[in-house]
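Structural characterization, general
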Amino acid sequence: MTVAPRREDYDVVVIGAGPAGLAAAATSAEAGLTTLLLDENIGPGGQVFRAISSTPVTDRNQLGADYWVGADLVQSLRASSAEVIPRATVWSLDRNLDIAVSIGGASAFVKAKRVILATGALERPFPIPGWTLPGVMTAGAAQTMLKSSALVPDGRTVIAGQGPLLWLLAAQILRLGGRIDRILDTTERGNYLAALPHAFAFLTSPYFAKGLSMMREVKAKVQVVSGVAELAAAGDGQLASVSYVAGGRRETIPADLLLLHQGVVPNVNLAMSAGVEHRWDDLQLCWSPVLDASGNSSVAGIAIAGDGAGIGGANAAVVRGRIAARAAVDALAPAAAARLPAMATLRADLAKAERGRLFLDTLFRPAPQFRIPSGDTIVCRCEEVTAKDVLDSVAIGATGPNQLKAYRRTGMGPCQGRLCGLTVTELMAQARGKSPQEIGYYRLRAPVKPITLAELAAVPKSEADVKAVVRG
Amino acid sequence: MFRRSEQDKRPQVQIFIDGVAVAARQGDTVSAALLASGVDVRRSTAVSGAPRLPYCMMGVCFDCLITIDGVGNRQGCLVPVAEGMQIEIQKGKREIGQ
């Protein structure tokens, strides 16, 4: 079933088959560049267009028109000469643009002239008391199951948090006949005022009408509590209840499923491990790569497109994918670039796609108490390290996330900091009275996804490799 | 916690959870099939033995770690089900030689 890459060298290797990766690979291949698209999932689409080629949800209205846009992108890719390998986990990328990828339990190595990282986003950690209990999941997790397996929440279901995805998911669950008992909106009241100056751009963006109609659709069927300022999950080995405070009043409701969401943040692991410089983004409250207008990073030959370049949404991701691919074509086969849309046109498309983003970022900027936990709340899910553990370590001398590893193993479990990194940075920054930029992030290294020792041992070795480690 | 929508017409695939036969659907990931099965599929962590279920379903949280056809610590949310697949729920630390 699984196939290794057909070549050892490619003009362009695109990593991630979401909106940006699909667009980048198709553009690059159409211009005649040898192009390889590697993706970890079963089929193309990334998260936004998850299971676009295989979803059992056949009624197109249920997932919405924005979802089915993905089918056209996949069609363009299939019509191109790009080589596509699904279920391919890239575990190493370095400054020489050497790529190690695990496919079906065996590793292959390819070299690229240009790499376009389109590894997208992941949901921001939502470290509340009880968030590791079975029955607590991300909203994105529920949406993944809904799209790829037509699964809908069945028991007493609470959705909590904020942001456009939360409302989209709620609408999709209701359209498929699933159950939602209550929505707890954690948007800070002050954010509405802060977002006001950016309202005009938002009102004239496509987000506005779509967002409003979706919220109406959901609010007609589900009780929505706004101004939720505290949130906790509780249960003995399984979620049993959700408690919250809104308008100064505490309420506890029984629940079987709690779906959490407070926006998405760039998935930085592969880019950081390759040495790409990132900066703290104080509006989006996450690490974003330092890029030029074509998506080129601080490492020569590596560009980043899509939400991994800073959160911009699916439409912007598609355009950023085209821009990064066009830049690769300009560099490697300038004559072929004439057939592609002009860079100025693409940049205008991007500005259009990004309209309204500042409003959304400001309105849905998550509140400090949902980003920076305290006491016994777990920060690092893998190593089961609490906020108090982190603060105790700071008190005895841990200066940043990398020192903290030695004290508490935070970020050293299988997720490699994906679910605790931002929390650790912000928690330590607050405790030490420094900015997140000063505190920094985990130093990430290959393999960025775990592989077995057997797979490593089976990697082809040259005589020089063997001599480097064998005595005598 | 989850149920299947009636419109799902995909063919069935039989998998085994700790030896018990369970009906999944073609195209399900192992984690989705487990969550849809109604069976108690909570793993327990290697650190404290705390019970867990998948959290992110997109390959980043590693709370879906599971033994598939004898290979431990696979990400169940990234592996599609296959006929006859043997799945074991991981309980606590691994034992040497297992």
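A brief report on the enclosed structure follows.

Calculation rules
Residues numbered from 1 in each chain as written. Chains lettered and ligands numbered in written order. Predicted model: local features only at pLDDT ≥ 70, side-chain atom pairs only at ≥ 80, totals over all residues. Heavy atoms only, no water. Buried < 20%, exposed > 50% of the residue type's maximum accessible area, 1.4 Å probe, protein only. Helix = DSSP H or I, 4+ residues; strand = E, 2+ residues; numbered from the N terminus. Pairing = 2+ DSSP bridges. Right-handed = clockwise from strand over helix to strand, strands pointing away. Core = buried A, V, L, I, M, F, W, Y, C linked by side-chain atoms within 4.5 Å. Salt bridge = Lys/Arg side-chain N within 4 Å of Asp/Glu carboxyl O.

Topic: the pairing of strand E1 (residues 9-15) of chain A
Residues and elements named next belong to chain A.
- Of all the seven residues making up E1, six are buried; the element is thus mostly covered by neighbouring parts of the structure.
- Across six bridges, E1 lies against strand E6 (residues 106-117) in parallel orientation. From the neighbouring strand, valine 12 faces E6, where its bridge partner is arginine 114.
- Running through helix H1 (residues 19-30), the crossover from E1 to the neighbouring parallel element strand E2 (residues 35-38) is right-handed.

Some details on helix H4 (residues 139-149) of chain A
All names here are of chain A.
- Within H4, eleven of the eleven residues are buried, which leaves it mostly tucked inside the rest of the structure.
- If you check which residues of H4 are buried, you get Ala139, Gly140, Ala141, Ala142, Gln143, Thr144, Met145, Leu146, Lys147, Ser148 and Ser149.
- Two residues or fewer after H4 comes alanine 150, characterised by a positive phi angle close to 50 degrees.

Digging into the nonpolar core
- Membership of the largest hydrophobic core comes to 87 residues, with the highest contact counts inside it found for A:Met137, A:Ile159, A:Ile183, B:Ile15, B:Val30 and B:Leu34.
- Counting 60 residues, the second largest nonpolar core, distinct from the first, contains A:Leu231, A:Ala367, A:Ile372 and B:Tyr55.

A few points about the pattern of salt bridges
All names here are of chain A.
- A complete count under the given rule lists 30 salt bridges over all chains for this structure.
- The shortest N-O distance in the salt bridge between aspartate 11 and lysine 113 comes to 3.0 Å. A residue pair is termed long-range when its members are at least 10 positions apart, and aspartate 11 in strand E1 and lysine 113 in strand E6 qualify at 102 residues.
- For lysine 113, a relative accessible area of 51% puts it in the exposed group.
- Notably, a salt bridge pairs aspartate 66 with lysine 210, separated by 3.0 Å at the nearest N-O pair.

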